[in-house]
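Reading the structure
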Amino acid sequence: MSDNQSSSGSDEDFEPREELGHPVGIAEFSGVLSKWTNYIHGWQDRWVVLKNNTLSYYKSQDETEYGCRGSLCLSKAVITPHEFDECRLDISVNDSVWYLRAQDPEHRHKWIDSVELHRSIREGRREKGGIQGTIIIPPPLADSGYGSESSLRRHGSMLSLTSATSGYSATSTSSFKKGHSLREKLAEMETFRDILCRQVDTLQKYFDSCADGVSKDELQRDKIVEDDEDDFPNTRTDGEFLHNNNGSKEKLFQSLSPKGINGIDFKGEAITFKATTAGILATLSHCIDLMVKREDSWQKRLDKEMERRRRIEDGYKSTLNELKKKSHFGGPDYEEGPNSLINEDEFFDAVEAALDRQDKIEEQSQTEKTRIQRSSPVPPADVYSSSGTHRFSDKPRSQSSPALIVRAPPQEVHRFSTEVEEMVQNHMTYSLQDVGGDANWQLVVEEGEMKVYRREVEENGIVLDPLKATHSVKGVTGHELCHYFWDTAYRNDWETTIENFNVVETLSDSAVITYQTHKRVWPASQRDVLYLSAMRKILANNENDPDTWLVCNFSVDHEDAQPTNKCVRAKINIAMICQTLVSPPEGDKEISRDNILCKITYVANVNPGGWAPASVLRAVAKREYPKFLKRFTSYVQEKTAGKPILF
């Protein structure tokens, strides 16, 4: 596949050619990587091929001949090793992101090296034959007119102070609107510069004249000495004069005086030069003072500009992050996890929206089933059927429903018998205690006869809040409620949060090990649970005690249902204790369902595992547990309506 055919290619991504017209070969690299598909299917293994600076993936190695399912050109790709996951790397091109995971950190490192190798070779080809930079060689210093041993002349291209500062005119003009004195001082410096240049020219001429005069005198002296060496008169040289025999002296060479050469007053020029340089220094000092005074206002302007720039950059980053969230929301970084990028408020909103959708779907489903029931005849009756019609009468069942049988205290012994007995005793001892006056228990929901209490407990950041609910239901017995709660044949009729379940092992007629997975509520991870469910009738200590039935569900381990990476394994310890209260009928009438009241005590200790925020877990528990109790008790009431009472 050529680069211009990739899903993220551009006009710059064509394969470069060598002199003979053939591309340089790069070693192909391929293997199995896990690719994030979506939040429903999660990570899936894919066959990934790196070839010709293009990364392509196939569903499997056997399907490579049918064409790739997607590809990315690596010319402009950004490869990011994950900060926390040592096996993961993200490859993004514009708004397209591939989330990939290797089987171990070593394989991830190999993939990253291979990708960088392809990119570096491609960039090397592009640089070949490109525009080369121009090297500028400055002229020799001696040619600039400065530093000569025989000259002291002014450089012909000297710039004035005004022209030297012209590059800053855009800012300096506005800065000096109120600083007229600074411009005046700059004008004075320009004047001083002209004066100084003229003085330098004058001094240069003076030095040149002095040098010429000395040379002429030396030449003339040498000539006289050579001509009169043999018969030179008896004279004596005294300074610059020749003494004759008659006692007179004649000046041989004219001495140099300050005004002797071109009328130059050397001393005056030196004084003027000194005064000019002093004026320049004084003016510069004044300019510095003015600039220091203006520094505060410049600093304030700079601070304002920097603050404005910071706000703009923050706004840009915030907007960019929002765009990334919108384009990649639902990726592996935006689901439940220790380093999730989704914040607690967004997590809560997403969970609440998903639960609302599920409730709406369930409501529509119940409405449709009710409509079908009203328009269809009553199905054949079971052993407890009656002429009454209810919304659960034609529910499909996952397996045949056994007849309701009164179970005496079990005599079967299995490998979990000791654990079951211990759980039953603990629940009968502690679960029935009144929590109304306990300050540790908070009443979170109260709807009619139903009350829900919660005690906040956290361990290692995981919410482990024990929950206790009490409820009273008319017209059903504790045995009936426990039967429908325990029997998996009716599970799908009233439980709306389960995706699928199966009985892993049947221990006895009243004890089974069940594995079930719950529907995923994005962005939370999917949960599964493996638990032992046992139903038990509690023998009364005296005849005044109510008839009591109990179902306890607690987590166990089983070799046929090991934890997987697709689900977070939750741990549970749940009990439903149902006590039947019977009021005597009037006269000789038989006991009817109007005389029956079932008092329910439901306790739940759940360790959800994972990394869901505590506030989200508590809000979901407060919302879902009351709905579950109302839904389940309504189901049992309608299911048993018109049937013989099962004590």
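In this report, the structure presented in the accompanying data block is examined.

What follows covers the overall build of the protein. When helices and strands are counted, the protein shows 10 helices and 22 strands. Residue burial in the protein is summarised as follows: out of 647 residues, 35% are buried. Look at the contacts in the protein between residues 6 or more apart in sequence, and 62% of them connect residues 24 or more apart. Of the accessible surface of the protein, which amounts to about 40200 Å², a share of 51% is contributed by carbon and sulfur atoms.

Time to look at the pairing of strand 11 (residues 442-447). Where strand 11 lies against strand 12 (residues 450-454), 5 bridges are found, and the strand directions are antiparallel. Paired with Val445 across the bridge in strand 12 is Val452. In this antiparallel pair of consecutive strands, strand 11 and strand 12, the connection spans 2 residues, and Gly448 shows a positive phi of 65°.

As a further point, take a negative patch on the surface. A grouping of Glu344, Asp345, Asp349 and Glu352 is seen on the molecular surface, where their side chains present a negatively charged patch. Note on placement: Glu344 falls in helix 6 (residues 344-375).

A word on the side chain of Ser114. With respect to the secondary-structure elements, Ser114 resides in helix 1 (residues 105-127). Only 2.9 Å separates the side chain of Ser114 from the backbone oxygen of Lys110, close enough to count as a polar contact. Those residues in contact with Ser114, other than ones at most four positions away along the chain, are Phe29 and Leu50.

As a further point, take unusual backbone geometry. Keep in mind that most residues, glycine aside, have a negative phi and that most peptide bonds are trans. Within the chain, Asn52 stands out as a residue other than glycine whose phi angle is a positive 50°. Among the secondary structure elements, Asn52 is positioned in the loop between strand 2 (43-51) and strand 3 (54-58). Although it is not a glycine, Asn53 sits at a positive phi angle of roughly 65°. Residue placement: Asn53 occurs in the loop between strand 2 and strand 3.

Right, let's talk about the sheet that holds strand 2 for a bit. Whether parallel or antiparallel, the strands of a sheet pair through hydrogen bonds between backbone atoms. With respect to topology, 7 strands assemble into an open sheet ordered 4-3-2-1-7-6-5, the strand pairing being antiparallel. Two strands in the sheet have a free side with no partner beyond their single neighbour: strand 4 (70-73) and strand 5 (78-81). With strand direction ignored, the average angle separating the axes of adjacent strands in the sheet is 35°.

With that settled, the discussion passes to helix 7 (residues 417-431). Here helix 7 is 15 residues long and its end C-alpha atoms lie 20 Å apart, about the 21 Å a rise of 1.5 Å per residue gives. Those residues of helix 7 that sit buried are Ser417, Val420, Val424, His427 and Ser431. End-on, the buried residues of helix 7 take up no more than an arc of 110°, which puts them together on one face. Facing away from the buried side of helix 7, by more than 90 degrees, are the exposed residues Thr418 and Tyr430.

Across all of its chains, the model carries 14 aromatic pairs by this definition. With 4.7 Å between their ring centres and 65° between their planes, Tyr484 and Tyr490 make a pair best called edge-to-face. Here the two residues Tyr484 and Tyr490 agree in accessibility, since each one is buried. Centroid distance Phe485 to Phe628: 6.4 Å. Interplanar angle 55°. Geometry classified as tilted. Of this pair, Phe485 sits in helix 8 (residues 478-486) while Phe628 is found in helix 10 (residues 614-640), placing the two residues 143 residues apart along the sequence. For Phe485, a relative accessible area of 7% corresponds to the buried category. In this arrangement the basic side chain of Lys35 is found over the ring face of Tyr57, its NZ or CZ atom lying 4.9 Å from the centre. The side chain of Arg101 reaches across the aromatic face of Trp43, ending 5.8 Å from its centre.

On to the nonpolar core, then. Leu481, Phe485, Met576, Tyr602, Phe628 and Phe632 are the most contacted members of the largest nonpolar core, which totals 35 residues. Ignoring sequence-local partners within four residues, the contact set of Phe632 consists of Leu481, Tyr484, Phe485, Trp494 and Met576.

Further remarks concern the packing of helix 8 against helix 10. Axis separation between helix 8 and helix 10 bottoms out at 10 Å; the angle between their running directions is 110°. What the angle tells us is that helix 8 and helix 10 run roughly perpendicular. When the axes of helix 8 and helix 10 are compared, the crossing they make is right-handed. Along its contact with helix 8, which presents Glu480, Leu481, Tyr484 and Phe485, the element helix 10 presents Phe628, Phe632, Thr633, Tyr635, Val636, Lys639 and Thr640. Here the contact of helix 8 with helix 10 is built from residues that sort into 7 nonpolar, 2 polar and 2 charged.

Analysis parameters
Residues numbered from 1 in each chain as written. Predicted model: local features only at pLDDT ≥ 70, side-chain atom pairs only at ≥ 80, totals over all residues. Heavy atoms only, no water. Helix = DSSP H or I, 4+ residues; strand = E, 2+ residues; numbered from the N terminus. Buried < 20%, exposed > 50% of the residue type's maximum accessible area, 1.4 Å probe, protein only. Contact = heavy atoms within 4.5 Å. Areas by Shrake-Rupley, 256 points an atom, 1.4 Å probe, with all protein chains shown as cover. Pairing = 2+ DSSP bridges. Patch = residues over 30% accessible without salt bridge, like charges linked within 9 Å, V, L, I, M, F, W, Y side chains within 5 Å. Salt bridge = Lys/Arg side-chain N within 4 Å of Asp/Glu carboxyl O. Lys, Arg positive; Asp, Glu negative; His and termini not counted. Charge placed at Lys NZ, Arg CZ, Asp CG, Glu CD. Polar contact = N/O pair within 3.5 Å; in protein donor to acceptor, adjacent residues only side chain to side chain. Axes fitted to C-alpha atoms, helices over the stretch in contact; angles between N-to-C directions. Expected span 1.5 Å × (residues − 1). Arc of directions from axis to C-beta. Phe/Tyr/Trp six-rings, centres within 6.5 Å; stacked < 30°, edge-to-face > 60°. Lys NZ or Arg CZ within 6 Å of the ring centre and 35° of its normal. Core = buried A, V, L, I, M, F, W, Y, C linked by side-chain atoms within 4.5 Å. Parallel < 35°, antiparallel > 145°, perpendicular 65-115°, else oblique. Left-handed = near helix turned anticlockwise from the far one by under 90°. Nonpolar A, V, L, I, M, F, W, Y, C, P; charged D, E, K, R; others polar.

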